[in-house]
Amino acid sequence: VAVQCQEAQMVITVHRDLFGTGRLVKAADLTLGSAACLPVAQSPAESTVTFMASLHDCGSTLQVTQDSLIYTTHLSYQPTPSGNLVIVRTNAAVVPIECHYPRKANVSSNAIQPTWAPLYSTLLSEERLMFSLRLMNDDWITERLSNGFRLGESLHLQADVVSRGHVPLRLFVDDCVATPSPERNSLPQYALIDLSGCLVDGRSDDTTSAFISPRPRLETLQFVVDAFKFAGDERNLVYITCHLKVLPADQAPNPLNKACSFNKASGLWTPVEGTGDICSCCEMGNC
């Protein structure tokens, strides 16, 4: 007995030598399911009969598990007397049949092309994104183990996102603010990045702060900030809080999604990627 589990039906092919003895059973003695559906085709040359039934027809039952949809039915062989109508030479038989379908999959006959996102891909896209912001060594290869700096040194900051099978993403640092205490809204505070991706600290005359261009990959954004401290704060502690965000990689950077540094040589704001006009709002102070 061979079973094909198609997307909307079962196709069961039964060899009439059901018991492997060389004696062929009668096609009329074979039925499918509790509804006793009859075969739809016979092949005398191959000594086979074929049943075709919708997944819900012929009395089939459905079982739903965590991972699968299981449609269950059975093939029945009930021998009828032959010859003198008193004796039979074979036993009755019941062959259980199951078709398993994964619940986390999309099935389509390709008759139409849906314009909506399939359910399974939607579930995948809702997985959490893992963001990180790390202090790196000057080579950008390893994470810096010490968070202590001397004035005159530079902080190498790297923002990352792990997408875990998500559609390709591009990471941005929307804003970064420095405070002398862990609370982001505490005072005093100093903006390093503002206006949806303008590295405003680099606009000061005595700094070289800037984004690193080009990126090592779309999911990573690196920038350098000259070390500083808050005047009058004897603890010499600085807490930096940043807001990271992602966009689909195929969406072009724009004034609300950008990474712009101030180039002192040219006196212009320049983006890590995208056209220069997306940075013009950094100078105007309103993006």
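Note that this is a predicted model, so its numbers are computed, not measured. (Residues numbered from 1 in each chain as written. Predicted model: local features only at pLDDT ≥ 70, side-chain atom pairs only at ≥ 80, totals over all residues. Heavy atoms only, no water.)

Caption draft 1: Structural view of the overall build of the chain. Along its length, the chain carries two helices and 17 strands. Residues classed as buried in the chain amount to 34% of the 287 residues present. Within the structure as shown, the chain displays about 17100 Å² of accessible surface, and the carbon and sulfur contribution to it stands at 53%. (Helix = DSSP H or I, 4+ residues; strand = E, 2+ residues; numbered from the N terminus. Buried < 20%, exposed > 50% of the residue type's maximum accessible area, 1.4 Å probe, protein only. Areas by Shrake-Rupley, 256 points an atom, 1.4 Å probe, with all protein chains shown as cover.)

Caption draft 2: Representation of the state of the cysteines. For the coordinates displayed, the defined rule picks out six disulfides. Between the sulfur atoms of Cys260 and its disulfide mate Cys279 the distance is 2.0 Å. Linking Cys260 and Cys279, the disulfide has an S-S dihedral of approximately -80 degrees and is accordingly described as left-handed. One end of the pair, Cys260, is in strand S16 (residues 260-263); the other, Cys279, is in the loop between strand S17 (268-271) and helix H2 (280-284), with 19 residues separating them in the sequence. The class of Cys260 is buried, set by a relative accessible area of 0%. At a sulfur-sulfur separation of 2.0 Å, the disulfide partner of Cys281 is Cys287. Of note, the bridge from Cys281 to Cys287 carries an S-S torsion of about 95 degrees and is right-handed in sense. The exposure class of Cys281 is buried, given its relative accessible area of 7%. Judged by relative accessible area, Cys287 falls into the partly exposed class, the value being 27%. (Disulfide = S-S within 2.5 Å.)

Caption draft 3: Structural view of the pattern of salt bridges. Applying the stated rule across the entire model yields nine salt bridges. What emerges from the salt-bridge pattern is a single network uniting Arg134, Glu143, Asp160 and Arg217. (Salt bridge = Lys/Arg side-chain N within 4 Å of Asp/Glu carboxyl O.)

Caption draft 4: Expanded view of the confidence of the model for the chain. When pLDDT is averaged along the chain, the result is 89, and 89% of the positions lie at 70 or above. Within the chain, the element-level pLDDT minimum falls on helix H1 (residues 119-125), averaging 55, and the maximum on strand S13 (residues 210-211), averaging 98. (pLDDT = per-residue confidence, 0-100.)

Caption draft 5: Representation of unusual backbone geometry. Omega for the bond connecting Leu187 with Pro188 falls within 30 degrees of zero, at -5 degrees, which places this linkage in the cis form. Structurally, the position occupied by Pro188 is in the loop between strand S11 (169-179) and strand S12 (190-193). Residue Ser213 is joined to Pro214 through a cis peptide bond whose omega torsion reads 0 degrees. The topology assignment puts Pro214 in the loop between S13 and strand S14 (220-226). Phi is positive for Cys58, close to 60 degrees, though the residue is something other than glycine. When you line up the elements, Cys58 lands in the loop between strand S5 (48-54) and strand S6 (61-64). Using a relative accessible area of 10% as the deciding quantity, one classes Cys58 as buried.

Caption draft 6: Layout of the sheet that holds S13. Taken together, the four strands give an open sheet; going across it, the order is S9-S10-S14-S13, and neighbouring strands pair in antiparallel fashion. With partners counted over all chains shown, the strands left at the sheet margins are strand S9 (130-136) and S13, one partner each. (Pairing = 2+ DSSP bridges.)

Caption draft 7: Seen up close, the environment of Ala8. Considering the arrangement of structural elements, one finds Ala8 in the loop between strand S1 (2-5) and strand S2 (9-15). For Ala8, a relative accessible area of 47% corresponds to the partly exposed category. For the pair Ala8 and Ser54, spaced 46 residues apart in sequence, the C-alpha to C-alpha distance is 6.0 Å. Setting aside chain neighbours within four positions, we find Ala8 in contact with Ser54 and Leu55. (Contact = heavy atoms within 4.5 Å.)

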